[in-house]
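Working through the structure, step by step
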Amino acid sequence: MTGLTATLRVRREEFALDVEFSVPAGGVLGVIGPNGAGKSTLLLAIAGAIELEGGAVSIDGVALDAEPERRGVGVVFQDALLFPHLTVLDNVAFGPRERGQTRPAARSLARSWLDRLGIAPLAHRRPGGLSGGEAQRVALARALAVAPSLLLLDEPLAALDVEVRDAVRADLAAHVRAFGGVTVVVAHDREDVAALAEQVLVIEGGRVVQRGTLAELTADPATEFVRRFTAGTSPSFPPSGSA
Amino acid sequence: MSRSSLAPVTRTPRPLVVLAVAGLLLLVGPLLAIVLRAPWPLMLEIVSRESALNALGISLGTAAAATGLSLLLGLPLSLLLAGAPSGRSSLSVRIVRSFVTVPVVLPPVVGGVALVALLGEGGLVSQPLADWFGLAPPTSAVAVVLAQTFVAMPFLVFAIEGAIRGADRRFDLVAATLGSTPSRRLVRVTLPLIAPGIAAGAALCFARALGEYGATVTFATSIPGITQTLPMAIYGELALGDRDAAIALSLVLIAVSVVVLLAFRDRWVPQVAR
């Protein structure tokens, strides 16, 4: 089986996540659900930041059960989380460097990623002075620079101003498509799902309530949440402040 | 809406104001007195005495060494207490934390006696060390540094632990997904992120070590030119009846502390995450 296969059972105090899904090779899965449904927990479990109580994750048939540093998973959070003490270039070079490349090689790879994302002029800036859209592009470049087999995006557009959001969304969609690996993107906005994801997984209360294309969800919403989400009334606002 | 933005509906009762002013005077009054009664014309002469310069040198040197030792031992301790990297604190961690708190609440002189019992002549650890390895109990500046570290290290540990807890742990996850191992993450991500907290903790620790008197004089005793720190010299001058000298040296100590605190003034408030 190529692509991502995941069975995730996680228990955290009052909350339990119990989901099962797969994404074909090169596919993009959107994950939606009300606040507290377990969307971020799902991503953290795949990344290896949360221990599974049961279940398994595999990518292209290979079990994904090592420590986070050996999973080959890239993550981008809504607040970018660029290392504040490193320049943009060194943020992107961080991964290649940690994976054993020399500093010049890591930096030249980082420079090529900045070029691809159209942010080469930012190379020597500090993250503190970047706009939200710039920071998110850098975060994406940083995640892609280590050639992950799986890309996890946690509401990557939620922190952006409306004016820059459309542009970043279009770029993000293009790069996710060019990436070629499996992408799982948590989204809280119909537009984001429409631009990024082929299939949508709806979770509520830690369980899958519906799965399908956005068109299928719109035509036959399984729950009130899905009906309002597909109608574009942004039911999960206000966006969660943190993961 | 913050609570402070609510308009006061009642006036503060008068007796409360009187007590509050009295409390403030008790805090500010002594400082005012020491400045007003300072022997300004004699300052330079008193401060440049050999005994004073020796004491200042010993104080600065031992406080710096105690801060260094506290960083070496306290940084790993604070990482452990903060539960890095898991973020969980087990029962054993909570027990360790209460032990770290002890020197903060312990009367310094009792701390000094405890150090004597452990490391003094015939002490719990110093006796076997002497019997087996011929090691003499710590005297001189080493004893001063040990006593100051005992008293001051908790301040460093708690400042750094607070900084670690305040840092966003998702940075650690991001670094991990980029292929960084736990020890590399500590060096390349966690420590740089908490650097302001480390600096603040070191400054607090240095200030506390510089002012330490009780535990140090009890354990290391006051030998001029060897273990006599500035606080000991100040007490000595006062005991000998030279109040001018005591006040002059106190002002030197205040000046050094103020310089240290000003240098790190901006670090006290935790940096707001961007």
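The coordinates are above.
To keep things clear, this report deals only with the structure shown in the data block. (Residues numbered from 1 in each chain as written. Chains lettered and ligands numbered in written order. Predicted model: local features only at pLDDT ≥ 70, side-chain atom pairs only at ≥ 80, totals over all residues. Heavy atoms only, no water.)

Some words on the overall build of chain A
For chain A, the count of helices and strands is eight helices and 10 strands. Taken over the C-alpha trace, chain A has a radius of gyration of 18 Å; the compact-globule value for 243 residues is 18 Å, and the two agree within 12%. Reported as C-alpha extents along the three principal axes, the dimensions of chain A are approximately 50 × 40 × 35 Å. The buried share among the 243 residues of chain A stands at 53%. For chain A, contacts bridging at least 24 residues in sequence account for 65% of all contacts bridging at least 6. Here chain A has roughly 10,200 Å² of accessible surface; of this, 49% comes from carbon and sulfur atoms. Charged side chains in chain A number 24 positive and 29 negative. The centres of these two groups are separated by 5 Å. (Helix = DSSP H or I, 4+ residues; strand = E, 2+ residues; numbered from the N terminus. Rg over C-alpha atoms; globule rule 2.2 N^0.38 Å. Buried < 20%, exposed > 50% of the residue type's maximum accessible area, 1.4 Å probe, protein only. Contact = heavy atoms within 4.5 Å. Areas by Shrake-Rupley, 256 points an atom, 1.4 Å probe, with all protein chains shown as cover. Lys, Arg positive; Asp, Glu negative; His and termini not counted. Charge placed at Lys NZ, Arg CZ, Asp CG, Glu CD.)

Quick word on the pairing of strand β8 (residues 182–186) of chain A
Consecutive side chains along a regular strand alternate between the two faces of the sheet. Residue and element names in this part refer to chain A. Most of β8 sits inside the fold, with five of its five residues counted as buried. Taking every second residue as pointing to the same face, both faces of β8 are buried, with V182, V184 and V186 on one and T183 and V185 on the other. In this sheet, β8 lies alongside strand β7 (residues 150–154) in parallel orientation, the contact comprising five bridges. By the bridge assignment for β8, L151 is matched with T183. With helix α5 (residues 162–179) bridging β7 and its parallel neighbour β8, the resulting β-α-β unit is right-handed. (Pairing = 2+ DSSP bridges. Right-handed = clockwise from strand over helix to strand, strands pointing away.)

Side note on the packing of helix α8 (residues 170–177) of chain B against helix α9 (residues 182–193) of chain B
Residue and element names in this part refer to chain B. Running from N to C, α8 and α9 cross one another at 155 degrees; their axes reach a closest spacing of 10 Å. Between α8 and α9, the angle is such that the two are roughly antiparallel. Here α8 and α9 pass one another in a crossing that is right-handed. When α8 is examined against α9, the residues F171, D172, A175 and A176 are found in contact with a partner set consisting of R185, V189, T190 and L193. Looking at the contact of α8 with α9 residue by residue, the class counts come to five nonpolar, one polar and two charged. (Axes fitted to C-alpha atoms, helices over the stretch in contact; angles between N-to-C directions. Parallel < 35°, antiparallel > 145°, perpendicular 65-115°, else oblique. Left-handed = near helix turned anticlockwise from the far one by under 90°. Nonpolar A, V, L, I, M, F, W, Y, C, P; charged D, E, K, R; others polar.)

A short note on the interface of chain A and chain B
Each side of the interface is counted separately: chain A has 25 residues, and chain B has 20 residues. Carbon and sulfur atoms make up 64% of the surface buried where chain A meets chain B, a total of about 2,100 Å² over both sides. Where chain A packs against chain B, one counts four salt bridges. For the salt bridge of D79 of chain A with R170 of chain B, the shortest nitrogen-to-oxygen distance reads 2.6 Å. Linking chain A with chain B are nine residue pairs in polar contact (both at pLDDT 80 or more), by the criterion used here. Of all the elements in the fold, those that place two or more residues in the side of chain A that touches chain B are α1 (39–47), β6 (73–77), α2 (88–98) and α4 (132–144) of chain A. A per-class count over the side of chain A that touches chain B returns 16 nonpolar, three polar and six charged. (Buried area = accessible area lost by both parts, 1.4 Å probe. Salt bridge = Lys/Arg side-chain N within 4 Å of Asp/Glu carboxyl O. Polar contact = N/O pair within 3.5 Å; in protein donor to acceptor, adjacent residues only side chain to side chain.)

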